[in-house]
Amino acid sequence: MDNAHSPWQPPLIWRAAQRLARALVGALARLEVTGDVPAHLRRGPLVLAANHISPFDPVVMAAACQTRGIAPRIMATAGLFRAPVLGAAMRRAGHIRVDRGTSAVHRALDDAATAVAHGSVILIYPEGRIGLDPGMWPERGKTGAARLALACGAPVVPVAQWGSHEVLPYQAPRGILRGIARSLWRRPVIRVHFGTPVDLGETVAASPGAARRATDRIIDALTDTLAPLRPDEPDLPRHVDPGRPTDPGRTHRRWPG
């Protein structure tokens with residue numbers, strides 16, 4: 001197959017889901033999307049690396065990408081694929097299952113690499129979970145996103161988001177009705193910014209420590225992209241979710257290179 005002439009095409013169900021996501025976000029909050037992805041990268045191959053702060057993030061990212069004409073394939077936890085209706089829809093939409101904490105987790109990277117090779121845009125959360133940094137800044141990342149980019153030679157664009165944590169609580173579905181009611185009343189602002197492609201440095205996939213160094217550069221770029229979205233919240237978030245734990249053990253320390 002000639003990938004240059006046969007790029008992956010997002011199924012109709014995913015395009016429709018993105019429009020639905022945009023309507024849903026618009027009903028619960030005010031979405032502000034800034035930045036962009038170069039036109040020649042919007043259909044891939046491309047890795048979008050986003051910070052993860054809320055269970056509502058995938059809906060926000062689907063909506064934000066729709067405003068930029070991008071239909072990414074999302075690397076998502078296996079639990080979503082086990083849901084009777086949602087799981088089937090996600091498989092049909094072309095999203096990639098990640099079995100975290102099992103030996104099968106490596107298969108997800110192989111599937112993502114194949115998808116990128118076929119011209120897809122992959123959306124991945126390099127933190128590997130909803131971040132638990134006390135200040136809600138990007139925490140130390142897992143190396144999956146960097147290894148994917150290095151193996152495929154695909155560019156990485158950081159996508160920072162802020163505000164989705166005011167819509168759904170960390171423990172959702174517990175407290176989901178209260179969170180939705182609060183959002184309908186207050187309509188918080190959700191900001192998403194597509195940053196500039198990350199310079200992964202003179203890294204070669206096979207060299208010792210390359211994935212770790214590239215991961216740190218991606219998290220650095222995410223942090224820099226997020227900072228302008230929360231100028232009045234430099235240390236701690238204004239909205240505090242009492243059900244959200246913190247884990248200072250994975251605080252990111254900036255890569256000096």
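Up top is the structure.
These numbers come from a predicted model, not from an experiment.

### Overview of the layout of surface pockets
Then step 1. One number sums up the size of the largest pocket: a volume of about 1000 Å³.
Then step 2. Lining the largest pocket are 33 residues; nearest its centre among them are Pro-58, Val-59, Leu-80, Leu-86 and Met-90.
Then step 3. Mapped onto the lining of the largest pocket, the elements with two or more residues apiece are α1 (12–28), α2 (57–67), β3 (73–77), α4 (84–93) and α7 (176–186).
Then step 4. In terms of residues, the lining of the largest pocket owes the most to one element, α1, which gives 7 residues.
Then step 5. Looking at the lining of the largest pocket residue by residue, the class counts come to 28 nonpolar, 3 polar and 2 charged.

### With respect to the packing of aromatic side chains
Then step 1. Across all of its chains, the model carries 0 aromatic pairs by this definition.
Then step 2. Against the face of Trp-162 rests Arg-230, its NZ or CZ located 4.2 Å from the ring centre.

### Topic: unusual backbone geometry
Then step 1. Of note, the amide linkage connecting Gly-44 to Pro-45 takes the cis form, showing an omega dihedral of -5°.
Then step 2. A cis geometry characterises the amide bond from Ala-172 onward to Pro-173, with omega recorded as 15°.
Then step 3. Mapped onto the secondary structure, Pro-173 falls in the loop between β6 (156–162) and α7.
Then step 4. One non-glycine residue, Met-136, adopts positive backbone phi at about 60°.
Then step 5. Locating Met-136 in the fold gives a position in the loop between β5 (121–124) and α6 (144–152).
Then step 6. Although it is not a glycine, Arg-187 sits at a positive phi angle of roughly 45°.
Then step 7. In this fold, Arg-187 is placed in the loop between α7 and β7 (189–194).
Then step 8. The class of Arg-187 is partly exposed, set by a relative accessible area of 30%.

### A short note on the packing of α6 against helix α8 (residues 210–226)
Then step 1. At their nearest, the axes of α6 and α8 sit 8 Å apart, and the two run at 110° to each other. As far as their axial angle goes, α8 and α6 are roughly perpendicular. For the pair α6 and α8, contact is made by Ala-145, Ala-146, Arg-147 and Leu-150 and by Ala-210, Ala-211, Ala-214, Thr-215 and Ile-218, respectively.

### Observations regarding α1
Then step 1. Relative to the 24 Å expected for 17 residues at 1.5 Å per residue, α1 spans 25 Å between its end C-alpha atoms, a close match to the ideal helical length.
Then step 2. Of the residues making up α1, those classed as buried are Trp-14, Gln-18, Ala-21, Val-25 and Leu-28. Taken end-on, α1 shows its buried residues confined to a sector of 100°, consistent with a single buried face. Set apart from the buried face of α1 by more than 90 degrees, the exposed residues are Leu-12 and Leu-20.
Then step 3. Here the buried face of α1 lies against β1 (30–35), α2, β3, α4, α7 and β7.

### Some words on the pairing of β6
Then step 1. Of all 7 residues in β6, 7 are buried; the element is thus mostly enclosed.
Then step 2. Here β6 shows no split at all, with Val-156, Pro-158, Ala-160 and Trp-162 on one side and Val-157, Val-159 and Gln-161 on the other all buried.
Then step 3. Pairing between strand β2 (residues 46–50) and β6: 4 bridges, direction parallel. Across the sheet, Val-47 pairs through a bridge with Val-156, a residue of β6.
Then step 4. As paired elements, β6 and β7 share 4 bridges and run antiparallel to each other. Bridge pairing in β7 links Ala-160 to His-193.

### Considering the sheet that holds β6
Each strand in a sheet pairs with another by means of backbone hydrogen bonds, the pair being arranged parallel or else antiparallel.
Then step 1. Read from one edge of the open sheet, 7 strands run β1-β7-β6-β2-β5-β3-β4, paired in mixed fashion. Two strands bound the open sheet, and with one partner strand each, they are β1 and β4 (96–98). For this sheet the average axis-to-axis angle between neighbouring strands, irrespective of direction, equals 20°.

### Here we look at the nonpolar core
One recurring pattern in soluble globular proteins: nonpolar side chains tend to sit buried together.
Then step 1. If you look at the biggest cluster of nonpolar residues, it comprises 35 residues, and the most contacted ones within it are Leu-48, Val-192 and Phe-194.
Then step 2. Among the secondary structure elements, those contributing two or more residues to this core are α1, β2, α2, β3, α4, β5, β6 and β7.
Then step 3. For this core, the element with the most residues is α2, which contributes 6 residues.
Then step 4. With residues up to four places along the chain from it excluded, the contact list for Leu-48 reads Val-37, Cys-65, Ile-70, Pro-72, Val-121, Ile-122, Leu-123, Ile-124, Val-157 and Val-159.
Then step 5. Grouped together as the second largest cluster of nonpolar side chains are 25 residues, Leu-109, Val-116, Leu-150 and Ala-214 included.

So, how was this worked out
Residues numbered from 1 in each chain as written. Predicted model: local features only at pLDDT ≥ 70, side-chain atom pairs only at ≥ 80, totals over all residues. Heavy atoms only, no water. 1 Å grid on protein atoms, 1.4 Å probe; cavity = no way out; pocket = protein on both sides within 12 Å on 5 of 7 lines; lining within 4 Å. Points joined across faces, edges and corners; volume = space filled by probe spheres on them. Helix = DSSP H or I, 4+ residues; strand = E, 2+ residues; numbered from the N terminus. Nonpolar A, V, L, I, M, F, W, Y, C, P; charged D, E, K, R; others polar. Phe/Tyr/Trp six-rings, centres within 6.5 Å; stacked < 30°, edge-to-face > 60°. Lys NZ or Arg CZ within 6 Å of the ring centre and 35° of its normal. Buried < 20%, exposed > 50% of the residue type's maximum accessible area, 1.4 Å probe, protein only. Axes fitted to C-alpha atoms, helices over the stretch in contact; angles between N-to-C directions. Parallel < 35°, antiparallel > 145°, perpendicular 65-115°, else oblique. Contact = heavy atoms within 4.5 Å. Expected span 1.5 Å × (residues − 1). Arc of directions from axis to C-beta. Pairing = 2+ DSSP bridges. Core = buried A, V, L, I, M, F, W, Y, C linked by side-chain atoms within 4.5 Å.

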